[in-house]
Amino acid sequence: MAKKSSAAVSSKDDPQERMISRNRRARHDYEILDSLTCGIALVGSEVKSIRNNRIIIEDGYARLEGGELWLHNVDIAEYPQANVMNHEPRRPRKLLLKRRELAKFAEKGSQAGHTLVPLDVFFRRGIVKVTIGLAKGRRKFDKREKLKEASAGRAMRGGEASHVTLRLAVRTHSNRVTQLQLATLCVLRSLRSDLRQRPDSNSPIACRTWQRG
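Predicted model only: the values in this text are computed from it and were never measured. (Residues numbered from 1 in each chain as written. Predicted model: local features only at pLDDT ≥ 70, side-chain atom pairs only at ≥ 80, totals over all residues. Heavy atoms only, no water.)

1. A few points about the overall build of the protein
Assigned secondary structure in the protein consists of five helices and ten strands. Out of the 213 residues in the protein, the part that is buried amounts to 27%. (Helix = DSSP H or I, 4+ residues; strand = E, 2+ residues; numbered from the N terminus. Buried < 20%, exposed > 50% of the residue type's maximum accessible area, 1.4 Å probe, protein only.)

2. Regarding the nonpolar core
Of all hydrophobic cores here, the largest spans 24 residues; its most connected members are Ile 50, Ile 55, Leu 95 and Ile 132. Elements with a contribution of two residues or more to this core: strand E3 (30-40), strand E6 (68-72), helix H3 (99-109), strand E9 (114-124) and strand E10 (127-137). Excluding residues within four positions of it along the chain, Ile 132 makes contact with Asp 34, Ser 35, Leu 36, Cys 38, Leu 71, Leu 95, Phe 105, Leu 116, Val 117, Pro 118 and Leu 119. (Core = buried A, V, L, I, M, F, W, Y, C linked by side-chain atoms within 4.5 Å. Contact = heavy atoms within 4.5 Å.)

3. Considerations on the confidence of the model for the protein
When pLDDT is averaged across the protein, the result is 76; 60% of the residues are at 70 or more. Confidence drops under a pLDDT of 50 for residues 1-11, and excluding neighbours within four residues, the segment shows 34 contacts in the predicted structure. With pLDDT under 50 throughout, residues 205-213 is counted as low confidence; its partners more than four residues away or in other chains account for three contacts. (pLDDT = per-residue confidence, 0-100.)

4. Observations regarding H3
Think of an α-helix as 3.6 residues a turn; residues three or four steps apart then line up on the same face. Of all the residues in H3, the buried ones are Leu 102, Phe 105, Ala 106 and Gly 109. The buried residues of H3 occupy an angular sector of 95 degrees when projected down its axis, which confines them to one face. Seen from the open side of H3, the exposed residues pointing more than 90 degrees away from its buried face are Arg 100, Lys 104 and Glu 107. Against E3, strand E5 (61-65), E6, E9 and E10 lie the buried residues of H3. (Arc of directions from axis to C-beta.)

5. Focus on the environment of His 87
By secondary structure assignment, the location of His 87 is in the loop between strand E7 (75-76) and strand E8 (93-96). What makes His 87 buried here is its relative accessible area of 7%. His 87 sits eleven residues away from Ile 76 along the chain, and the two C-alpha atoms are 8.7 Å apart. Contact partners of His 87, with chain neighbours within four places excluded, come to Val 43, Ser 45, Glu 46, Ser 49, Ile 76, Ala 77, Glu 78, Tyr 79 and Arg 93. Polar contacts involving the side chain of His 87 include one to the side chain of Ser 45, which spans 2.7 Å. A polar contact is formed between the side chain of His 87 and the backbone oxygen of Ala 77, at a distance of 3.0 Å. (Polar contact = N/O pair within 3.5 Å; in protein donor to acceptor, adjacent residues only side chain to side chain.)

In structure tokens form, the structure reads like this:
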């Protein structure tokens, strides 16, 4: 059963759009060569479940069957209030494309090494839309390079914060050193003043004074 997607966020670019789910795994496992947004044929209980973010698209894929493009293996949870009129969570669902778009996009997806995967699901003016990506599988080397790029980006973003933290630490350390130096100077001055006030025990004046006593 589908769980509430953690990728559900409100679209900041268009107030009439609301993002429901993003397929982050697809962008990691595949190189996305092209993408296309289309409609999808749904029943009422499926729309209500999607509105509640109860959809998982990470395992989904699209395939051309009988001249139509179908979305497979996408899990839309049953809607509790639908009772006996509920839907099958992982049933194939027809994607709604124009014939010209279908011919162009599906033909590319049928090439060797290519596949069609759902990239995201969102509402646009109250209608469910799906973005389908034309994907090419990444090799392990490509995945490692992508991870390195992402790690480098995070390091660069965190570098500024680390630089500020380092400057604060140096400033704090400098203040502590200054305070220690001042305390040392105060002790030395006190000792010097004390030595000036007391005669040296080895001096002739101190010896004569002791003998007289």
